[in-house]
Amino acid sequence: MDAKELLDSLDVGVLAMAPDWTVAAWSAAAARITALPADRVVGGSIWIAFPAAKGTELELVLVDVLTDGKPRTFLAPAGTPEVAGTVLEIRITRGPENHLVLCFRPVHEELAPESRAAQLLSALEAERRLYLQLFSSLPTPALVLSPGGQILDANPEGANLLGGADAAALRGRVLTEWAPAAQQGMLAAGLRHAVTKRQDVALSFEFAGEPAREVRAVVVNVDPVRAAPKLLFLALDVSREILLQQRLLQADRLSQLGALVSGVAHELNNPLAAIAAFGEALALEPHQSDLQESAEVIRSEAMRAGRIVQTLLDFARQRPRMQTAVDLGEIADRVLALQRSALKKARIRATISIPHDLPAVSGDPQELQQVMLNAVVNAAQAIEGTGRPGQIVIAGRSTDHHVLVTVDDTGPGVPPEILDRVFEPFFSTKAEHGTGLGLAISFGLVRGMGGRMWMQNVEGGGARLSFELPVDAGSPDAAARAPGRPAGQRLSLLVVEDEDAVRRAMALLAKRLGHEVTTVGRFADATERLAQPGARYDALLVDVHLDEAHTGFDLFDHLRTAGQGLEQRIVFTTGDSISTQTRDALERAARPVLRKPFSLDDLREMLERVTAG
């Protein structure tokens, strides 16, 4: 029988301590008595084996035996939660090369119940059980540390904070292992200062495969009497709180951006309306055939710019959810118009494969735009990550009473092990560049519209985001349209518009349609014209924003008070309907709105609609 087999056959635990106070040997009985396996103890500090004894008389006895070589016997608590309340009788002797040999065995059960020692040990055990119960029940992470940062104990929440399976796996390790290099010095200094004064620390904890956790902690010395203090590290994981604060800040910035976009949209849409109108008029001029192509380019590009501005407005607008018929092809066009520049810069070709006869779906147009925009942005980022050109395809087809939309990309695809997690809130594969909310929000929006969404990888590479929505039960807008007047019927129009160029452009288009047009620029001019004897107008085109003192709604209220029904002939024009005040006023007036910039066909259709009857 060799020495190790002989050592392991003993009923008592045996520990050999090297001169540097590390464990050189650990017998099988020692592992059984303390519930600490050899691989957790050998090579580590002796206080891993007896964490509750550091700073007690045992430490002094070890020094005495090292100094004079005289064997000594000592009683000490085992100190690990697995053997709570166990007291060890420890025999300490000095061996060769200044190694100490500790032989120990539990003695609590061998003491006579009536003895003073047994009573003291029972009281000690009761106190330890209470401490362990309180420590383990704390709802926040708690660690017991040495001033050097060595973990002596951890409650379940503390183990979870550090990504450990249990407290035993953490004992003996140093807390600074989890701190970023830039914060390790600050943490070590905070622990040293905590010996004499409470410390408040804020730091990050990092471990493989998980996002960093932001922690705020209080560190106090709970054993200041002993030579070797014990520090209680009470932590609060504020990662979610910080993330929510960032989201609130982002929401506030988006709100401010929405207000900014609103103002910019109004300033842009007015000149765009004039450019589009004059361009279209020039394109239709029979004596300027050599300029028709250029004029058509001016008109179409102005209208495209107007659609982009309107898309930004719709995306930024905060309003209640609506359920209406939505043309998915139009949504896809608007999303790609927003992303055209970014996609071109990233060398990504985006195509739409949605049939013109695809049924409209029932949903919220703004929310569907957000869903599709998020899908395109995610696809583009996946392709950019490869460093190669790529392609995004938006496709749609009819299924059984539903419409299926797919967004395919030629990126690297989604790792199979996380494919079922992509819709989880705050889960992101983009590290600090992602919020982990885009797909989760899209998933909720689609489900709220009665649909479903899923993700899969495409054979040959890339990913496919699919969502399915119910087909709208009615025909969009068709049923609501009433037969209009013949296109050639001459109308008398009053245009009320404060900007001269826009006013002239509207008059030009209306005259091109064969109508008689009167234009004014201010509220007072409009009321004066309408009050003239014999004044008769089939329709009034009224800008929402007039002069400094009046709006188009003031004119609407003025006509309604007059009681002649002229307010029912108003068509409001606007380049901005994002503000709550404007939106509410439009809803109260219940009058149609012609959005700038608009084309000749838009004006013709609106006039036919408002004068039908």
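No experiment lies behind these values; they were computed from the predicted model shown.

Topic: the sheet that holds strand S1 (residues 13-17)
Here is step 1 of the chain: Read across the sheet, five strands follow the order S2-S1-S5-S4-S3 without closing on themselves; strand pairing throughout is antiparallel. The open sheet is flanked by strand S2 (23-26) and strand S3 (72-77), the only strands paired with a single partner. Between one strand axis and the next, the sheet turns through 25 degrees on average, direction left out of account.
Here is step 2 of the chain: Both S1 and S2 contribute to a ladder of three bridges, which runs antiparallel. Across the sheet, the residue bridging to Ala16 is Ala25, located in S2.
Here is step 3 of the chain: Across the sheet, helix H5 (residues 57-68) lies against S1, S3, strand S4 (87-94) and strand S5 (100-106), angled at about 20 degrees from S4, the strand it touches most.

Some remarks on the packing of helix H12 (residues 365-384) against helix H13 (residues 438-448)
Here is step 1 of the chain: Between H12 and H13, whose axes approach to 10 Å, the crossing angle comes to 145 degrees. Read as a crossing pair, H12 and H13 show a hand that is left-handed. Each of Glu367, Gln370, Val371, Asn374 and Asn378 in H12 lies in contact with H13, whose residues at this interface are Gly438, Leu439, Ile441, Ser442, Leu445 and Val446.
Here is step 2 of the chain: Among the residues forming the contact of H12 with H13, the class breakdown is five nonpolar, five polar and one charged.

Quick notes on unusual backbone geometry
Here is step 1 of the chain: That bond from Lys596 to Pro597 is cis: its omega, -10 degrees, falls within 30 degrees of zero.
Here is step 2 of the chain: Following the sequence through the fold, Pro597 ends up in the loop between strand S22 (593-595) and helix H18 (600-610).
Here is step 3 of the chain: At Trp21, a position not held by glycine, the phi torsion is positive, near 70 degrees.
Here is step 4 of the chain: With respect to the element layout, Trp21 can be found in the loop between S1 and S2.
Here is step 5 of the chain: For Trp21, a relative accessible area of 22% corresponds to the partly exposed category.

A word on the side chain of Asp364
Here is step 1 of the chain: With respect to the element layout, Asp364 can be found in the loop between strand S13 (361-363) and H12.
Here is step 2 of the chain: What makes Asp364 buried here is its relative accessible area of 1%.
Here is step 3 of the chain: Within the local environment of Asp364, its side chain forms a polar contact with the backbone nitrogen of Glu367, the two atoms lying 3.1 Å apart.

Some remarks on the packing of aromatic side chains
Here is step 1 of the chain: Applying the stated criterion across every chain, the model contains seven aromatic pairs.
Here is step 2 of the chain: Judged by centre distance (4.9 Å) and plane angle (50 degrees), the ring pair of Phe553 and Phe572 falls under tilted. Of the two residues, Phe553 is situated in helix H16 (residues 552-562) and Phe572 in strand S21 (residues 570-574); the sequence distance between them amounts to 19 residues. The same class applies to Phe553 as to Phe572, namely buried.
Here is step 3 of the chain: Here the aromatic residues Trp26, Phe50 and Phe104 are joined through ring pairs into a cluster of three or more.

Focus: helix H15 (residues 523-531)
Here is step 1 of the chain: Of all the positions in H15, only Phe523, Ala526, Thr527 and Leu530 are classed as buried. For H15, the buried positions fall inside an angular range of 95 degrees around the axis, keeping them on one side.
Here is step 2 of the chain: Looking at the buried positions of H15, the neighbouring elements they touch are strand S18 (492-496), strand S19 (516-520), strand S20 (539-543) and H16.

Description of the pairing of S5
Here is step 1 of the chain: As paired elements, S1 and S5 share five bridges and run antiparallel to each other. Bridging from a neighbouring strand, Val14 pairs with Cys103 of S5.
Here is step 2 of the chain: Connecting the antiparallel pair S4 and S5 is a turn made up of five residues, with Glu97 showing a positive phi of about 55 degrees.

What about the sheet that holds strand S6 (residues 142-145)?
Here is step 1 of the chain: The strand order across the open sheet built from five strands is S7-S6-S10-S9-S8, with neighbouring strands paired in antiparallel fashion. One side of each edge strand has no neighbouring strand; the edge strands of this open sheet are strand S7 (151-154) and strand S8 (199-205). Within this sheet the neighbouring strands show an average axis-to-axis angle of 30 degrees, counted without direction.
Here is step 2 of the chain: Here S6 pairs with strand S10 (residues 231-237) via four bridges, running antiparallel. For Val144, the partnering residue across the bridge sits in S10 and is Leu232.
Here is step 3 of the chain: Lying on the sheet, helix H8 (residues 181-193) is in contact with S6, S8, strand S9 (213-221) and S10; it crosses S8 at an angle near 150 degrees.

Considering the confidence of the model for the protein
Any segment with low pLDDT has predicted coordinates that should not be analysed in fine detail.
Here is step 1 of the chain: With 79% of its residues at a pLDDT of 70 or more, the protein shows a mean pLDDT of 80.
Here is step 2 of the chain: Low confidence marks residues 431-435, where pLDDT is under 50. Its contacts with residues over four positions away, or in another chain, come to four contacts.
Here is step 3 of the chain: Low confidence marks residues 475-487, where pLDDT is under 50. Its contacts with residues over four positions away, or in another chain, come to 11 contacts.

Some details on the environment of Arg91
Here is step 1 of the chain: Mapped onto the secondary structure, Arg91 falls in strand S4.
Here is step 2 of the chain: Given a relative accessible area of 39%, Arg91 falls into the partly exposed group.
Here is step 3 of the chain: C-alpha of Arg91 to C-alpha of Arg72: the two residues are 19 residues apart in sequence and 5.9 Å apart in space.
Here is step 4 of the chain: Setting aside residues no more than four positions away along its own chain, Arg91 makes contact with Pro71, Arg72, Thr73, Val101, Leu102 and Cys103.
Here is step 5 of the chain: At a separation of 2.9 Å, a polar atom in the side chain of Arg91 contacts the side chain of Thr73.

Quick notes on the pattern of salt bridges
Here is step 1 of the chain: One pass over the full model with this rule turns up 14 salt bridges.
Here is step 2 of the chain: Among the ionic pairs, Asp153 bridges to Arg171, the shortest N-O distance being 3.3 Å. Taken together, the residues Asp153 in strand S7 and Arg171 in the loop between helix H7 (156-161) and H8 connect sequence positions 18 residues apart. The pair Asp153 / Arg171 is uniform in exposure class, with both members buried.
Here is step 3 of the chain: Ionic pairing is found between Asp543 and Lys596, a salt bridge with its closest N-O pair at 3.1 Å. With Asp543 in strand S20 and Lys596 in the loop between S22 and H18, this residue pair connects regions lying 53 residues apart in the sequence. The pair formed by Asp543 and Lys596 is uniform in burial state, with each residue classed as buried.
Here is step 4 of the chain: Residues joined in a network through salt bridges with shared partners are Glu497, Asp543 and Lys596.

Here is what the cut-offs are and how they apply
- Residues numbered from 1 in each chain as written.
- Predicted model: local features only at pLDDT ≥ 70, side-chain atom pairs only at ≥ 80, totals over all residues.
- Heavy atoms only, no water.
- Pairing = 2+ DSSP bridges.
- Helix = DSSP H or I, 4+ residues; strand = E, 2+ residues; numbered from the N terminus.
- Axes fitted to C-alpha atoms, helices over the stretch in contact; angles between N-to-C directions.
- Contact = heavy atoms within 4.5 Å.
- Left-handed = near helix turned anticlockwise from the far one by under 90°.
- Nonpolar A, V, L, I, M, F, W, Y, C, P; charged D, E, K, R; others polar.
- Buried < 20%, exposed > 50% of the residue type's maximum accessible area, 1.4 Å probe, protein only.
- Polar contact = N/O pair within 3.5 Å; in protein donor to acceptor, adjacent residues only side chain to side chain.
- Phe/Tyr/Trp six-rings, centres within 6.5 Å; stacked < 30°, edge-to-face > 60°.
- Arc of directions from axis to C-beta.
- pLDDT = per-residue confidence, 0-100.
- Salt bridge = Lys/Arg side-chain N within 4 Å of Asp/Glu carboxyl O.

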